[in-house]
Amino acid sequence: MSHLDSVSSPKTPDFSALKSWIPPERLITDPGEVSVYECDGLPLHKKSPIAVVLCKSEEEVVQTVKWCDREGLPFVPRGAGTGLSGGATPITAGVIIDLNRMNRIKHIDAENRFAIVEPGVINNHLSDATRPQGLEYAPDPSSQRACTIGGNVAENSGGPHCLKYGVTTDHVLGLRVVLPDGQIVQMGGPEIDQPGYDLTGLFVGTEGTFGIVTEVTVNLIPPPPSVRTYLAIFDSLGLACRMVSQITRSGILPAALEIMDQNTIRAVEASVFRAGYPEDAAAVLLIETHGIDDSLADEEARIIEFAQECHAIEFRTANDEKERMDLWKGRKGAFGAMGRVNTDLYVLDGVVPRTQLESVLNRVGEIAEKHQVTVSNVFHAGDGNLHPNISYDGRDPEESHRVLEAGKEILQLCVDSGGTISGEHGIGLEKSEFLPMVFSDEHIDTMIELRLAVDPQERSNPQKIFPDNRVSKDGGRQKLNKVPQ
Amino acid sequence: MAIPKSEEKAFKERFEEYTQTLDCVHCGLCIPDCPTQGITGRESDSPRGRIYLMRGYAEESIPFTPESLKHLDQCIVCRNCETVCPSGIQMGEMMETFRHEMNRTLPHKGWKHHFMKLMLNHVVPSRAKIAFLLDLLYYYDRFKLRKILVGVGSKFSKKLKKMDRLFPPIPKPSERRLATSASIPQGLYPSTQGKARMKVGLFLGCITSELFVETHRSTIRMLNRSGCDVYVPDSQTCCGALHRHGGFIDEAHRLYEGNVSAFEESGVDVIIVNAAGCGAALKEPPSSLPDGLGRPVRDICEFLEEIGIPEPDQKISRKVAYDQPCHLVHGQKVPASAVLSLLEQVPGLEIVPLRNSERCCGSGGIYNLLHPEMAEPILDEKVEDILDSGADTIVTGNPGCWMQIRSGLLDKDIEVLHPVDLLDQAYGA
Ligand SMILES: Cc1cc2nc3c(=O)[nH]c(=O)nc-3n(C[C@H](O)[C@H](O)[C@H](O)COP(=O)(O)OP(=O)(O)OC[C@H]3O[C@@H](n4cnc5c(N)ncnc54)[C@H](O)[C@@H]3O)c2cc1C
Ligand code: SF4
Ligand code: SF4
């Protein structure tokens, strides 16, 4: 099918009003060029938008949203497009409102430890800007060199160090939002505790379905006084998981606990990110602790003890920043290294209780075998957040189908083990069908009603989060009645 | 507007090399480091978007439109994306193949491209023609024609003035010619440290062979001081980098072969290049010549750092910042430390950090002439970073970058030098 088909869908909008104020270099309608917006970091689902508007200010966002409203068009907010659940994919065509040009850091208040930023600011750039003043923005998704604060807010993103510091919602103090009808609202603010409903908390993680974030007030924290990083190498994945349990049970709260399995290690060692892991290693565990020197030394002694008890075949300690980076190298390069295994990569995201890590991973291996797909695991072990990665050739529809089937079974497995279907990448398009695995119909309908209260026309990022056909003009509640018993 | 089906089909049949695009996993991590995306904010001006377009054209899932092609044309081939991509994409090679196929099926129609093609294929490969051209430019400058023409012309076109700023003063014809193997005793510039520890060959480049003759002289002196005999074969030719960027791969191969024979009998151990763009091109031979030039190719700073330089004896009181040429850091993967560790040996030199020193300045060979609307704002960012660094001297080891950065600093009190020119000043006669 040509992409032109979707472009000339039902009604061609009247762009003249839009063109009267947006310069041509920030409006994209060419059918070839809009195609590059047909997916985000998850190229499993694709649909071209009819137009992309690159907004530079809140005022422009309001104008664009109002224009969409008049034209009866849905819109999809987009940050950097690194999302892994299809959140920024314009599945009903419509208009992409791209926010990467709204990238100013408006204000840094070092004394009161907060910053006010536009949504297109890149996660890393924010910490780069505040570091000279001795402060950092804590949430550190592995995509932090590219992803935007607006996208982080929408996905409630986490990262390796969120084990200790919490996820995005724990660091967002206030938001300005353009609602789907073009109204501007301000929620929260620099003060830590706000009277009334915590609307900011409600908004974080809504994946673009509540309108467009145009300003974010974030909390800043001083970097840890000291950091220690270790790498334990095992000849069994189970032992690595056991060490994770021992550490967490002991009361030590590391800043990061990351595991890579054998497939991942092999992919890493075969790539430019070669980190020097032994060939026969079945798993490596990366441990990082933050705090003051005295307590870190004490924790170090205990961590070494646990490594011995769990029969680690090797234990490495970073003595300086360079060695620390070397230990992280394999972990940071893992995703790219797996990308080289085949032409496409499907990054799954699920959560299981920490105590179940070992048995769930064994089952994941069985599922992979059954569907004949290659799964490599690299995950935030400290909070039981799994990332099984499936390498495949997306040009083969049959293989793609098997990948989707395996993915679904793995998520069902997470749920059956007492976990859930998403740790940090959101539901988006990818997992909307799986929502009933973890929520009852009533629960889903309550969420739908909430969404419709904010966005009665389903204009903002439609067909995301909720299973197909559950959101309709006549409201979630009525729809619920039609769901077969 | 779409491109006729027949041309689209011809392109697809030929663009077999598109499988390289499959290395991209669409993660987006490269986007913030792409200078063109930084200017326009468009996905199609980012590495990920460009690869997606190339793949889409080849797989017939994306319509082949002039508007989308424009963004592939806008790639500077700075290769910053190669450095940051966790999946190891090879943008340089991909762009060369893509543009090559484009030239065969859908050649550009504008006068600029015709002019470029004429220059690349008929002037640049010949040292005699380059010398003649530079003579013309010299007299044009000398007799104030340049001032008059630019003065009048810029009343009609703002671009002319900006383009003129790029051109450095042209040395006198008599000072411009470096003696080569044909005209010096034994064809050698001998080591000044007694018996040479190595015999190295010097690569001159095309326009740079005459326009940057002073840098060649500094290079030779630095090599002689460090105990090397320097051989400069007369028959060498252009490196072909500009041809490759433009997709004129066949011509680039011919030039490479010319250089292979120029160095074949030279007996040199290493070939030294002082222009980052040429160095990258020579280090990456065409697949038909897997042995390349038959001996290692080294950037001058990379090489001097490897073999060590004698202790400098002159104090230089300057505040210097290093701007990394893309084709040195991203193309040849020579880290900033190679250059900085040489400069650190110069007494009196204060080295200050330069923010984004690994980011493109917008030169891109002749990109700044073909795409001034992109190159100018990219240069503006570079100038801002330079001014913030507080440096009074910028060093950068590539003629294109030298011209581009210099043009942005003409009305500032900041000098732009090749690192070897600065190093050379650190030694008494
Ligand atoms: C290599 C790699 C590693 C990753 N690692 C992690 C990780 O460790 N932890 C993690 O949590 N995620 C991770 N991710 C996923 C992804 O980076 C995050 O979800 C990130 O927050 C997305 O940001 P973005 O700017 O790219 O948003 P996009 O992908 O552009 O958008 C994501 C969603 O947010 C919405 N949105 C974007 N901007 C706004 C706005 N201003 N207002 C309202 N809605 C908006 C979009 O509509 C979409 O639904 C990773 C991704 C990759 C490719
Ligand atoms: S970083 Fe590499 S793999 Fe990721 S989008 Fe860019 S080119 Fe593709
Ligand atoms: S080569 Fe440079 S300009 Fe081209 S896509 Fe890569 S980073 Fe961007």
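Note that this is a predicted model, so its numbers are computed, not measured. (Residues numbered from 1 in each chain as written. Chains lettered and ligands numbered in written order. Predicted model: local features only at pLDDT ≥ 70, side-chain atom pairs only at ≥ 80, totals over all residues. Heavy atoms only, no water.)

Engineer: When you look at the overall build of chain B in this model, what are you seeing that I'm missing?
Structural biologist: Within chain B, the regular secondary structure consists of 23 helices and nine strands. Expected size for 429 residues packed as a compact globule is a radius of gyration near 22 Å; at 22 Å, chain B falls within 12% of this value. Over its C-alpha atoms, taken along the principal directions, chain B stretches across nearly 65 × 50 × 45 Å. Counting only residues that meet the buried cut, chain B has 60% of its 429 residues in that class. Put simply, 77% of the contacts in chain B that link residues at least 6 apart link residues at least 24 apart. Accessible area of chain B: about 17,700 Å², with a carbon and sulfur share of 55%. Computed over 50 positive and 56 negative side-chain charges, the inter-centroid distance for chain B is 6 Å. (Helix = DSSP H or I, 4+ residues; strand = E, 2+ residues; numbered from the N terminus. Rg over C-alpha atoms; globule rule 2.2 N^0.38 Å. Buried < 20%, exposed > 50% of the residue type's maximum accessible area, 1.4 Å probe, protein only. Contact = heavy atoms within 4.5 Å. Areas by Shrake-Rupley, 256 points an atom, 1.4 Å probe, with all protein chains shown as cover. Lys, Arg positive; Asp, Glu negative; His and termini not counted. Charge placed at Lys NZ, Arg CZ, Asp CG, Glu CD.)

Engineer: When you look at the overall build of chain A in this model, what are you seeing that I'm missing?
Structural biologist: Looking only at helices and strands, chain A has 16 helices and 18 strands in total. If you line up chain A on its principal axes, its C-alpha atoms span 70 × 55 × 45 Å. Out of the 485 residues belonging to chain A, those deemed buried represent 59%. A separation threshold of at least 6 residues defines the contact pool for chain A, and within that pool the share at least 24 residues apart is 70%. Accessible surface, chain A: about 19,500 Å² in total, of which carbon and sulfur atoms supply 49%. Looking at charge distribution, chain A has the averaged site of its 45 positive side-chain charges lying 4 Å from that of its 70 negative ones.

Engineer: Would you mind going over the site of ligand 3 with me for this structure?
Structural biologist: Residues and elements named next belong to chain B. Neighbouring ligand 3 are the residues Cys-34, Pro-35, Thr-36, Pro-47, Arg-50, Cys-75, Ile-76, Val-77, Cys-78, Arg-79, Cys-81 and Met-91. Counting only elements with at least two residues in the shell around ligand 3, the list comes to helix H2 (35–40) and helix H3 (47–58). Across the shell around ligand 3, the residue classes tally to nine nonpolar, one polar and two charged. (Near = heavy atom within 4 Å. Nonpolar A, V, L, I, M, F, W, Y, C, P; charged D, E, K, R; others polar.)

Engineer: I would appreciate a short explanation of the domain arrangement of chain B in the present structure.
Structural biologist: One frequent convention defines the size of an interface as the accessible area lost when the parts assemble. Residue and element names in this part refer to chain B. For chain B, the domain assignment lists domain 1 (8–105), domain 2 (111–174), domain 3 (176–307) and domain 4 (319–425). Each of domain 3 and domain 4 has a C-alpha centre, and the two are 22 Å apart. The partner domain 4 presents 23 residues to the 25 residues of domain 3 that form the contact. Between domain 3 and domain 4 the total buried area reaches about 1,900 Å² when both faces are included, carbon and sulfur atoms providing 67% of it. On the surface where domain 3 and domain 4 come into contact, there are two salt bridges. One salt bridge in this structure joins Asp-424 and Arg-225, with 2.8 Å as the shortest N-O distance. For the pair domain 3 and domain 4, the number of links is eleven residue pairs in polar contact (both at pLDDT 80 or more). Elements represented by at least two residues in the side of domain 3 that touches domain 4 include exactly helix H13 (213–225), helix H14 (241–245), helix H16 (276–283) and helix H17 (300–307). Take the side of domain 3 that touches domain 4: its biggest share by element is seven residues, from H13. (Domains from an automatic or database assignment. Buried area = accessible area lost by both parts, 1.4 Å probe. Salt bridge = Lys/Arg side-chain N within 4 Å of Asp/Glu carboxyl O. Polar contact = N/O pair within 3.5 Å; in protein donor to acceptor, adjacent residues only side chain to side chain.)

Engineer: Is there a simple way to explain the pairing of strand S16 (residues 374–380) of chain A in this structure?
Structural biologist: Looking down a regular strand, the side chains alternate between one sheet face and the other. All names here are of chain A. The buried fraction of S16 is high, at six of seven residues. Pairing geometry for strand S11 (residues 256–261) and S16, over three bridges, is antiparallel. What sits directly across from Met-260, in S16, is Val-378. Note that S16 and strand S18 (residues 388–392) share four bridges and pair antiparallel. Residue pairing for S18: Asn-377 is matched across the bridge by Pro-388. (Pairing = 2+ DSSP bridges.)

Engineer: When you look at a nonpolar patch on the surface in this model, what are you seeing that I'm missing?
Structural biologist: All names here are of chain A. On the surface, a cluster of nonpolar side chains totalling about 440 Å² of accessible area is made up of Tyr-197, Leu-199, Leu-202 and Leu-450. Along the polypeptide, Leu-199 turns up in helix H7 (residues 199–203). For Leu-199, a relative accessible area of 43% translates into the label partly exposed. (Patch = residues over 30% accessible without salt bridge, like charges linked within 9 Å, V, L, I, M, F, W, Y side chains within 5 Å.)

Engineer: Sorry, what's going on with the interface of chain A and chain B here?
Structural biologist: Each partner contributes residues to the interface: chain A has 42 residues there, and chain B has 38 residues. When the buried surface of chain A facing chain B is broken down by residue, A:Glu33, A:Val36 and A:Arg145 rank first, second and third, together holding 20% of it. Put simply, chain A and chain B have 16 residue pairs in polar contact (both at pLDDT 80 or more) between them. It is helix H11 (residues 321–339) of chain A that contributes the most residues to the side of chain A that touches chain B, four residues altogether.

Engineer: Before we go on, may I ask you to explain the packing of helix H4 (residues 66–73) of chain B against helix H6 (residues 91–105) of chain B in this structure?
Structural biologist: Packed helices, taken two at a time, are described by their axes: the angle between them and the distance between them. All names here are of chain B. Remark: H4 packs on H6, axes separated minimally by 11 Å, with the N-to-C direction vectors making an angle of 135 degrees. Classified by the angle between their axes, H4 and H6 sit oblique to one another. Crossing of H4 over H6 shows left-handed handedness. Across the interface between the two elements, Leu-69, Leu-72 and Asp-73 of H4 pack against Met-95, Phe-98, Arg-99 and Met-102 of H6. (Axes fitted to C-alpha atoms, helices over the stretch in contact; angles between N-to-C directions. Parallel < 35°, antiparallel > 145°, perpendicular 65-115°, else oblique. Left-handed = near helix turned anticlockwise from the far one by under 90°.)

Engineer: Could you clarify how one ought to interpret the domain arrangement of chain A in this entry?
Structural biologist: Residues and elements named next belong to chain A. When its domains are assigned, chain A resolves into domain 1 (3–98), domain 2 (105–219), domain 3 (226–336), domain 4 (341–416) and domain 5 (439–480). Taking only C-alpha atoms into account, the centre of domain 3 sits 22 Å from that of domain 4. At the interface, 17 residues of domain 3 touch 16 residues of domain 4. Taking both partners together, domain 3 and domain 4 bury about 1,300 Å²; carbon and sulfur atoms supply 62% of that area. Sorting the residues of domain 3 by area buried against domain 4 places Cys-241, Ile-259 and Phe-335 first, and these three jointly supply 29% of that buried surface.

Engineer: Is there a simple way to explain the sheet that holds strand S9 (residues 212–219) of chain A in this structure?
Structural biologist: The strands that make up a sheet are held in pairs by hydrogen bonds between backbone atoms, and each pair lies either parallel or antiparallel. Residues and elements named next belong to chain A. With respect to topology, five strands assemble into an open sheet ordered S5-S6-S9-S7-S8, the strand pairing being antiparallel. Two strands bound the open sheet, and with one partner strand each, they are strand S5 (105–109) and strand S8 (184–188). Geometrically, the sheet is characterised by an average inter-axis angle of 10 degrees between neighbouring strands, direction not taken into account. Pairing geometry for strand S6 (residues 114–117) and S9, over four bridges, is antiparallel. Along S9, the bridge assignment pairs Phe-114 with Asn-219. Each of strand S7 (172–178), S8 and S9 touches helix H3 (residues 58–71); the most contacted strand, S7, lies at about 45 degrees to it. Set on the sheet, helix H4 (residues 123–130) makes contact with S5, S6 and S9; between it and S5 the angle comes to about 45 degrees.

Engineer: Hey, could you run me through the nonpolar core in this one?
Structural biologist: Burial of nonpolar side chains together is a common tendency in soluble globular proteins. Core analysis: the largest hydrophobic core is formed by 55 residues, its most contacted members being A:Met243, A:Ile259 and A:Leu285. Core analysis: the second largest hydrophobic core is formed by 41 residues, B:Val232, B:Ile272, B:Leu304 and B:Leu342 among them. (Core = buried A, V, L, I, M, F, W, Y, C linked by side-chain atoms within 4.5 Å.)

Engineer: Help me out: how do you make sense of the sheet that holds strand S2 (residues 198–203) of chain B in this one?
Structural biologist: Residue and element names in this part refer to chain B. Spatially, five strands are ordered S1-S3-S2-S4-S5 in an open sheet, and the strand pairing comes out mixed. At either end of the open sheet lies a strand with only one pairing partner, and these are strand S1 (188–189) and strand S5 (297–299). Here S2 runs beside strand S4 (residues 270–273); their pairing, made up of four bridges, is parallel. Paired with Val-200 across the bridge in S4 is Val-270. The sheet contacts of H17 involve S2, strand S3 (228–231), S4 and S5, and relative to S5 the element is tilted by about 95 degrees.

Engineer: Could you clarify how one ought to interpret the side chain of A:Thr89 in this entry?
Structural biologist: Positionally, A:Thr89 belongs in the loop between strand S3 (75–78) and strand S4 (95–98). For A:Thr89, the contacting residues outside a window of four places in its chain are A:Glu38, A:Cys39, A:Asp40, A:His45, A:Lys46, A:Lys47, A:Leu429 and A:Lys464.

Engineer: I tried to follow the pattern of salt bridges on my own but got confused; where do I start?
Structural biologist: When the charged atoms of two side chains lie near each other, side chains of opposite charge can form a pair. Summed over the entire model, instances satisfying the criterion amount to 49 salt bridges over all chains. One salt bridge connects A:Arg331 with A:Glu258, and the closest N-O pair in it is separated by 2.7 Å. Of this pair, A:Arg331 sits in helix H11 while A:Glu258 sits in strand S11, placing them 73 residues apart in sequence. Judged on exposure class, the residue A:Arg331 and its partner A:Glu258 are both buried. Linking B:Asp323 and B:Lys382 is a salt bridge whose minimum nitrogen-to-oxygen distance equals 2.7 Å. Here B:Asp323 is found in the loop between strand S6 (319–322) and helix H18 (326–331), whereas its partner B:Lys382 is found in helix H21 (residues 372–389), with 59 residues between them in sequence. When sorted by exposure, B:Asp323 lands in the same class as B:Lys382, which is buried. A single salt-bridge network, built from bridges that share partners, covers B:Arg79, B:Glu82, B:Glu96, B:Arg244 and B:Glu284.

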